[in-house]
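# Observations on the model geometry
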Amino acid sequence: LEKIKKATDKIKKTQGNSRLVSHIDADGITAAAIISKTFERLKRKLEIQHLQTLNEEEIEKIKETPEETIIFTDLGSGQYELIKKHLKNKEVYILDHHQTEESDTENISHINPHTVGITNTKSVSGSGVAFLFSKSINEENKDLAHIALIGATGDVQEDKGFQGLNETILKDA
């Protein structure tokens, strides 16, 4: 949560338009919905793009977009090195839950439970990470918790209840 707070303090100060790139499954769509609503409430413009696969060709296309801030939800951790290589001139936020060991760099805020030792695959989904990020931007975004739980369910993280960070999100819902 400290790492999220540091990233949200940074993004609240960011000016200009942003681009959201998200996975096209249930978890990615709900993560995008949470970030989209968050930006709407901030009265900030957000271009939204959904991808099945984030590869080098897609990252090179993103590099050419006019937005200076790029937010990845439910993807990006597995392509960290490509993002680092091609998006040096962008401010990047990766909100993901897939396995990784990569940490932050000067222009990349990598919000992923694996980077802080949370490795239980049913602890939090990509939409859960997006929700925690959103809630850190503004506590009133707590009302988006149910969307994160839909994403977690779509990501097969619910099994006779939720556990880990998902359980905390359930309390918010």
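Up top you'll find the structure we're talking about.
All of the buried residues along helix H7 (residues 164–172) are Asn166, Ile169 and Asp172. With its buried residues spanning 105 degrees around the axis, H7 presents them on a single face. If you follow the buried residues of H7, they end up packed against helix H5 (126–137) and helix H6 (145–154).

This paragraph deals with the sheet that holds strand E3 (residues 69–73). What the 5 strands build is an open sheet, ordered E2-E1-E3-E4-E5; its pairing is parallel. The sheet is open, and its two edges are formed by strand E2 (46–51) and strand E5 (108–111), each paired on a single side. In this sheet, neighbouring strand axes are inclined to one another by 15 degrees on average, regardless of whether the strands run parallel or antiparallel. In terms of strand pairing, strand E1 (residues 18–23) meets E2 through 6 bridges, oriented parallel. Residue pairing for E2: Val21 is matched across the bridge by Gln49. This element, helix H2 (residues 26–42), spans E1, E2, E3 and strand E4 (91–95) of the sheet and lies at about 160 degrees to E1. Helix H3 (residues 56–63) rests against E1, E2 and E3 of the sheet, and its axis sits at about 170 degrees to E2.

Each packed pair of helices is defined by two parameters, the angle between the axes and the distance between the axes. One way to put it is that helix H1 (residues 2–13) packs onto H5 with a least axis distance of 9 Å and a crossing angle of 60 degrees. Comparing the axis directions of H1 and H5 gives the class oblique. Taken as a pair, H1 and H5 cross one another with a handedness that is right-handed. The residues of H5 that touch H1, namely those facing Ile4, Lys5, Ala7, Thr8, Ile11 and Lys12, are Leu132, Phe133, Ser136 and Ile137. Residue composition of the contact of H1 with H5, by class: 6 nonpolar, 2 polar and 2 charged.

For the rest of this paragraph, the subject is the environment of Asn17. Considering the arrangement of structural elements, one finds Asn17 in the loop between H1 and E1. Residue Asn17 is classed as partly exposed on the basis of its relative accessible area of 38%. If we skip the residues at most four places from it in the chain, Asn17 touches Lys45, Glu67, Glu68 and Thr69.

In this section: the layout of surface pockets. The probe, sized like a water molecule, is rolled over the atoms to show the empty space still left. Taken as a whole, the largest pocket encloses approximately 210 Å³ of empty space. For the largest pocket, the lining is made up of 13 residues, of which Leu1, Ile4, Val116, Ile118 and Leu165 are closest to its centre. Every element with two or more residues in the lining of the largest pocket is listed here: H1 and H5. Ranked by residue count, the leading element in the lining of the largest pocket is H1, at 3 residues. Considered class by class, the residues forming the lining of the largest pocket number 10 nonpolar, 1 polar and 2 charged.

Basis of the calculations
Residues numbered from 1 in each chain as written. Predicted model: local features only at pLDDT ≥ 70, side-chain atom pairs only at ≥ 80, totals over all residues. Heavy atoms only, no water. Buried < 20%, exposed > 50% of the residue type's maximum accessible area, 1.4 Å probe, protein only. Helix = DSSP H or I, 4+ residues; strand = E, 2+ residues; numbered from the N terminus. Arc of directions from axis to C-beta. Contact = heavy atoms within 4.5 Å. Pairing = 2+ DSSP bridges. Axes fitted to C-alpha atoms, helices over the stretch in contact; angles between N-to-C directions. Parallel < 35°, antiparallel > 145°, perpendicular 65-115°, else oblique. Left-handed = near helix turned anticlockwise from the far one by under 90°. Nonpolar A, V, L, I, M, F, W, Y, C, P; charged D, E, K, R; others polar. 1 Å grid on protein atoms, 1.4 Å probe; cavity = no way out; pocket = protein on both sides within 12 Å on 5 of 7 lines; lining within 4 Å. Points joined across faces, edges and corners; volume = space filled by probe spheres on them.

All quantities given are derived from atomic positions and should not be read as evidence of function.
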